[in-house]
Amino acid sequence: MSLQAIIMAGGEGVRLRPLTMHRPKPLVPLLGKPVMGYAIDLLKKHGMHEIGVTLWYQPQKIRRCFGRGENLGVQLRYYEERQPLGTAGSVKMAKKQLRNTFFVLSGDGLTDCDLSSALQFHQEKKALATLVLKRVSVPLPYGVVLTDRENRVTRFIEKPSWSQVFSDLVNTGIYILEPEILDYIPEEGMPDFGKDIFPALLAGGLPLYGYEMEGYWCDVGDQKAYLTAQMDLLAGRVQLPHAEGIHETAQIHPSARIEDPCLIGAHASVGPGAVIHNAVIGENCRIEAGATVEGSCLWSEAQVREKARVMGSVLCEGVIVRRGAEISDGCALGDRASVGSYALLRPGVRVWPHMKTASGAVISQNVTENDDTAAVWTHQGAECDSAERVCALCGAFARVTGIHRVLTAHSGTQAMECLASGAFSAAGVRAMSCGEMTEPMLRMLIDRTGAEGGVYAAGQHLRFYLTHGRPLSSKQRTAMDACMLRQEGASSFTRAEKTVLLSGAEEIYLHAIAAGDGRRSLFSPLAVFCDSARLRHLALDALRRLPARDVRCGTAAEAALRPGETGFLLSETGEDMTLLGQDQPVSKEQKTLLILLLCKQEHEKIYDLSGVPRAAEAIAPLMLPDESEACAFQNLVMQDGLAQMMLIGEALKTGPLDSLLRRLPETHITVRDIACTNGEKGKILHALCDQITLPHTLGDGLRIRHADGYATIVPDAYLGSVRITGEAQKSEFAQELCDFYQTRIKNITNEKQSASLP
């Protein structure tokens with residue numbers, strides 16, 4: 001049997017829980033048929049009948065559901081992973097049967113893609129691999145793919161931030177491959193097509209192409225997408241066979257109101273006065289008198305009792321919603337769960353299988369066996385509203401990163417730090433408590449103590465860091481979410497570790513930022529201003545190591561210099577510092593350039609990190625950032641006001657501040673924020689990328705080089721805005737750059753694009 005296609009059906013569907021607690025993701029029903037059944041229908045429609053299926057999570061249930069394919073008009077052959085092999089590794093299991101060009105499809109996506117047209121494209125391009133791509137308005141959850149005018153792939157960006165959405169073409173997970181590609185898949189590890197294999201082929205210059213599909217595609221990855229796919233099928237937007245209408249065995253009371261589009265399955269009953277609108281009612285379901293079901297999906301044997309309401313939600317098999325209860329938008333109830341009479345489930349609540357809610361209760365949090373819901377990530381960190389949530393987050397962090405030594409610290413929330421330390425200790429991770437300190441101090445200590453990570457407790461949030469003080473990637477945050485949803489903590493250990501106090505934490509930090517030549521005196525007296533008394537005392541202790549004998553301190557309100565002084569205004573969190581000269585504060589860009597100049601003297605390189613002005617190229621060539629110690633030092637200093645103060649303080653031994661500033665290239669920066677929606681963020685970036693002919697780079701946003709300056713366009717990750725930064729030697733031109741791109745962006749968002757950019 002020579003296979004023509006592979007369906008990857010190993011998906012666990014963590015984000016779809018509780019829908020997938022008792023079934024693998026490919027078996028989640030769409031209009032009563034498993035989602036994988038639509039992939040089989042599509043392959044059969046395009047003449048492919050010999051299909052391989054890769055399995056991992058609950059494989060026996062998929063085997064029982066589809067058998068060998070004889071009832072579907074296809075031949076199925078199964079390949080079961082004993083442990084997760086990654087998308088590419090799982091496909092390689094079928095190597096002996098993949099002798100000719102073959103397709104790879106996901107068993108948990110819904111599409112009516114024209115596979116025959118895609119195959120013709122692949123053959124015309126003589127491609128080794130062709131990725132089927134689809135344009136979407138919000139590509140953040142997917143892998144973005146950039147192609148040239150010949151449709152050859154030029155770049156991959158996996159799950160981009162808004163500042164990296166240079167294209168709206170995303171990887172659908174549908175591939176056309178030549179059998180030779182299997183030789184590029186390693187035997188070990190968990191190789192993934194999108195993250196590992198295709199980028200390696202691209203780096204090797206092999207023929208890798210992107211085919212832009214028309215038609216329908218939906219990644220059924222979460223509940224919102226699941227309901228969308230159901231309704232799109234009902235509305236006829238998917239060109240595949242599916243169930244529709246009211247089954248002949250269903251019993252509908254004459255006074256019931258059925259508003260299309262709807263699907264009502266076999267032996268279902270709808271009572272008097274009930275209202276069904278834009279809904280899927282499964283087999284043997286019961287909708288009683290006066291009940292309302294709208295924009296929802298009910299699996300088999302679900303019951304909505306008298307006068308109950310279900311809006312925009314999913315009820316799995318055998319769920320009971322009792323008299324007068326109300327289920328709000330976005331809720332999901334697992335198999336055999338029940339909701340008490342007149343109870344209210346607020347939007348987004350999930351109820352685990354077999355769980356019950358009391359009559360009359362107002363439920364605003366998930367009803368689960370444990371506090372195992374995914375984290376809520378904001379720019380402040382992971383939200384923590386309970387001790388259980390702190391422990392779950394720390395356990396997931398330990399499991400995902402595999403760390404053995406971690407530092408903990410807090411900004412005044414000692415109880416939360418104690419909980420975090422205890423959670424790590426119970427999981428066998430050696431936790432070292434640093435007590436109360438600033439976040440920059442913790443990041444520096446991670447770098448200098450050899451710890452593998454750190455956790456900072458601030459208010460109701462935890463912030464997680466890795467070696468060299470690096471924050472978690474989006475991939476690692478997603479992996480932590482998955483661990484929490486699976487109720488998985490850290491790996492099992494034979495014994496717990498004791499939490500210890502990191503002795504001399506402040507001394508280690510001060511040595512890291514004040515390790516200069518103490519034999520030379522400062523050129524001028526210093527003044528330090530900060531509203532945090534603790535930080536003022538730490539700054540004094542640090543400056544004495546320079547040594548600086550003529551130093552005075554004050555609050556931010558007292559920030560005025562005496563003749564001959566150089567001043568430092570520290571933020572209360574310690575993450576920033578304003579440099580004060582005799583005439584006026586030094587501009588932010590001048591301060592940044594000065595820090596880079598001093599970092600370059602220490603480490604001989606400047607790394608092109610976020611916030612580095614282009615004028616830094618006059619100081620030294622800009623290097624791409626990496627995880628080297630030199631890059632870590634620069635990155636840590638850029639986020640630590642106290643370290644910046646010490647670096648500049650050491651330089652003041654060579655002369656006054658004015659003489660240091662005269663060594664810097666002249667630059668002026670203008671910043672402007674343009675309001676926009678999330679959907680417009682990606683549209684702005686990829687429209688500019690398509691139009692621009694000037695030299696430009698893609699990284700943290702789009703940076704465009706003009707003859708006399710630079711313009712950078714970066715969508716904000718959290719706010720509804722795009723930031724334009726104009727940089728030039730003359731302030732007038734920096735302003736003109738902002739004006740120019742503000743006009744262009746407004747034209748793009750208004751869909752009034754004019755001629756291409758110069």
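Residues numbered from 1 in each chain as written. Predicted model: local features only at pLDDT ≥ 70, side-chain atom pairs only at ≥ 80, totals over all residues. Heavy atoms only, no water.

Asker: Which residues make up the overall build of the protein chain, and what are the values?
Answerer: Counting its secondary structure elements, the protein chain contains 18 helices and 50 strands. Relative to the 2.2 N^0.38 estimate, which gives 27 Å for 758 residues, the radius of gyration of the protein chain is 30 Å and therefore close to what a compact globule would have. For the protein chain, with 758 residues in total, the buried portion stands at 54%. Of the contacts formed within the protein chain by residues at least 6 apart in sequence, a portion of 59% connects residues at least 24 apart. When the accessible area of the protein chain is evaluated, it comes to approximately 32,700 Å², of which 47% is carbon and sulfur surface. Looking at the protein chain, you have 79 positive and 88 negative side-chain charges, and the mean spots of the two groups are 2 Å apart. (Helix = DSSP H or I, 4+ residues; strand = E, 2+ residues; numbered from the N terminus. Rg over C-alpha atoms; globule rule 2.2 N^0.38 Å. Buried < 20%, exposed > 50% of the residue type's maximum accessible area, 1.4 Å probe, protein only. Contact = heavy atoms within 4.5 Å. Areas by Shrake-Rupley, 256 points an atom, 1.4 Å probe, with all protein chains shown as cover. Lys, Arg positive; Asp, Glu negative; His and termini not counted. Charge placed at Lys NZ, Arg CZ, Asp CG, Glu CD.)

Asker: Describe the environment of L540, listing the residues and the values that go with them.
Answerer: Considering the arrangement of structural elements, one finds L540 in helix α12 (residues 533-543). Between the C-alpha atom of L540 and that of V551, which follows or precedes it by 11 residues, the distance is 7.6 Å. Residue contacts for L540: discarding those within four places in its chain leaves V551 and C553.

Asker: Can you explain helix α6 (residues 223-234)? Please cite residues and give values.
Answerer: Across its 12 residues, α6 extends 17 Å between first and last C-alpha, which sits within 8% of the 16 Å expected from 1.5 Å per residue. What α6 keeps buried is the set Q223, A225, Y226, L227, A229, Q230, M231, D232, L233 and L234. (Expected span 1.5 Å × (residues − 1).)

Asker: Account for unusual backbone geometry, naming residues and giving values.
Answerer: Backbone torsion omega between R17 and P18 reads 15°, so that peptide bond is classified as cis. Relative to the elements of secondary structure, P18 occurs in the loop between β1 (5-8) and β2 (29-30). For the bond running from L546 to P547, omega is 0°, close enough to zero to count as cis. The backbone of N151 sits at a positive phi, close to 70°, despite the residue not being glycine. Its place among the elements puts N151 in the loop between β9 (143-147) and β10 (153-158). With a phi angle near 60°, H468 is a residue other than glycine that sits in the positive phi range.

Asker: Give a description of the nonpolar core that names residues and reports values.
Answerer: The biggest cluster of nonpolar side chains holds 68 residues, and the ones touching the most others in it are L407, Y509, I513, F568, L594, L642 and I648. Excluding residues within four positions of it along the chain, L642 makes contact with Y509, I513, L535, L538, A539, L570 and G574. L19, A39, V132 and C316 belong to the second-largest nonpolar core, a separate cluster that totals 65 residues. (Core = buried A, V, L, I, M, F, W, Y, C linked by side-chain atoms within 4.5 Å.)

Asker: Could you give an account of empty space enclosed by the protein, with specific residues and numbers?
Answerer: Under the counting rule described, the total for this entry stands at 3 cavities of 30 Å³ or more. Volume-wise, the largest cavity comes out at about 80 Å³. Looking at the largest cavity, the residues that line it are Y38, A39, L42, L105, S106, G109, L110, T111, T172, G173, I174 and W217. Among the secondary structure elements, those contributing two or more residues to the lining of the largest cavity are α1 (35-45), β6 (102-106), β7 (109-111) and β11 (169-177). Class assignment for the residues of the lining of the largest cavity results in 7 nonpolar, 5 polar and no charged. (1 Å grid on protein atoms, 1.4 Å probe; cavity = no way out; pocket = protein on both sides within 12 Å on 5 of 7 lines; lining within 4 Å. Points joined across faces, edges and corners; volume = space filled by probe spheres on them. Nonpolar A, V, L, I, M, F, W, Y, C, P; charged D, E, K, R; others polar.)

Asker: For helix α8 (residues 414-426), give the residues involved together with the corresponding values.
Answerer: With 13 residues, α8 ought to run about 18 Å at 1.5 Å a step, and its terminal C-alpha atoms sit 18 Å apart, in line with that. Against α7 (387-401), β35 (405-410), β36 (430-436), β37 (453-458) and β38 (461-466) lie the buried residues of α8. Phi turns positive one or two residues past the end of α8, at G428, with a value near 85°.

Asker: Would you mind going over the environment of P34 in detail, with residue names and values included?
Answerer: Following the sequence through the fold, P34 ends up in strand β3 (residues 33-34). Remark: the alpha-carbon pair of P34 and K475, spanning 441 residues in sequence, is separated by 28 Å. Leave out the neighbours within four places in its chain, and P34 touches P26, L27, V28, P29, C65 and F66.

Asker: Lay out the sheet that holds strand β43 (residues 577-580) with the relevant residues and their values.
Answerer: Sheet strands line up and pair through hydrogen bonds in the backbone, either parallel or antiparallel. An order of β41-β40-β42-β43 is seen for the 4 strands of this open sheet, with the pairing classed as mixed. The open sheet is flanked by β41 (551-554) and β43, the only strands paired with a single partner. Each strand axis lies, on average, 20° off the axis of its neighbour in the sheet, ignoring direction. With 4 bridges connecting them, strand β42 (residues 566-570) and β43 associate as antiparallel partners. For G567, the partnering residue across the bridge sits in β43 and is L580. Contacting β40 (526-529), β41 and β42, α12 runs over the sheet at an angle of about 170° to β41. Where helix α15 (residues 641-651) meets the sheet, it contacts β40, β42 and β43, and its direction lies at approximately 30° from that of β43. (Pairing = 2+ DSSP bridges. Axes fitted to C-alpha atoms, helices over the stretch in contact; angles between N-to-C directions.)

Asker: How would you explain the packing of aromatic side chains if you had to name every residue and give the values?
Answerer: Counted by the stated rule, this structure contains 11 aromatic pairs. Ring geometry for F121 against Y211: centres 5.4 Å apart, planes inclined by 55°, an arrangement best described as tilted. Linking F121 in helix α4 (residues 115-125) with Y211 in strand β12 (residues 208-212), this pair joins segments that are 90 residues apart in sequence. Here the aromatic rings of Y226 and W299 are separated by 6.5 Å at their centres, their planes lie at 75°, and the arrangement is edge-to-face. On the criterion of sequence distance, the pair formed by Y226 in helix α6 and W299 in the loop between β21 (297-298) and β22 (303-304) is long-range, its members being 73 residues apart. (Phe/Tyr/Trp six-rings, centres within 6.5 Å; stacked < 30°, edge-to-face > 60°.)

Asker: Tell me what's going on with the sheet that holds strand β50 (residues 721-728), and back it up with residues and numbers.
Answerer: The strand order β46-β50-β49-β48-β47 describes an open sheet built from 5 strands, whose pairing is antiparallel. The outermost strands of the open sheet, each flanked by one partner alone, are β46 (668-675) and β47 (696-699). The average undirected angle you get between the axes of adjacent strands in this sheet is 15°. As paired elements, strand β49 (residues 709-715) and β50 share 7 bridges and run antiparallel to each other. Looking at the pairing, V714 lines up with R723 of β50. Against the sheet, helix α17 (residues 678-691) contacts β47, β48 (701-706), β49 and β50, and its axis sits at roughly 145° relative to β49.

Asker: So what's going on with the confidence of the model for the protein chain? Which residues, and what values?
Answerer: This prediction gives the protein chain a mean pLDDT of 86; 92% of its residues lie at or above 70. Here residues 752-758 scores under 50 on pLDDT; set against residues more than four positions off or in separate chains, the count is 21 contacts. (pLDDT = per-residue confidence, 0-100.)

Asker: Please give an account of the side chain of T172 that cites residues and values.
Answerer: With respect to the helices, strands and loops of the structure, T172 is situated in strand β11. On the basis of relative accessibility, which here comes to 8%, the residue T172 falls in the buried class. Setting aside residues no more than four positions away along its own chain, T172 makes contact with V132, L133, K134, M213 and W217.

Asker: Run through the packing of α17 against helix α18 (residues 731-749), naming residues and quoting values.
Answerer: One can describe the packing of α17 onto α18 by two numbers: an axis separation of 10 Å at closest approach and a directional angle of 115°. Where α17 crosses over α18, the two elements pack in a sense that is right-handed. Counting all contacts with α17, which are made through E680, K683, I684, A687 and L688, the residues of α18 involved are I745, I748 and T749. (Left-handed = near helix turned anticlockwise from the far one by under 90°.)

Asker: Quick one: what's the story with the pairing of strand β16 (residues 257-264), residue by residue and with numbers?
Answerer: Pairing analysis gives 2 bridges linking strand β14 (residues 245-246) to β16, with the strands arranged parallel. Each residue of the ladder has a partner; that of I246, found in β16, is I264. Of the pairings in the sheet, the one linking β16 to strand β18 (residues 275-281) comprises 6 bridges and is parallel in character. Note that in β18 the partner of L263 across the bridge is V280.

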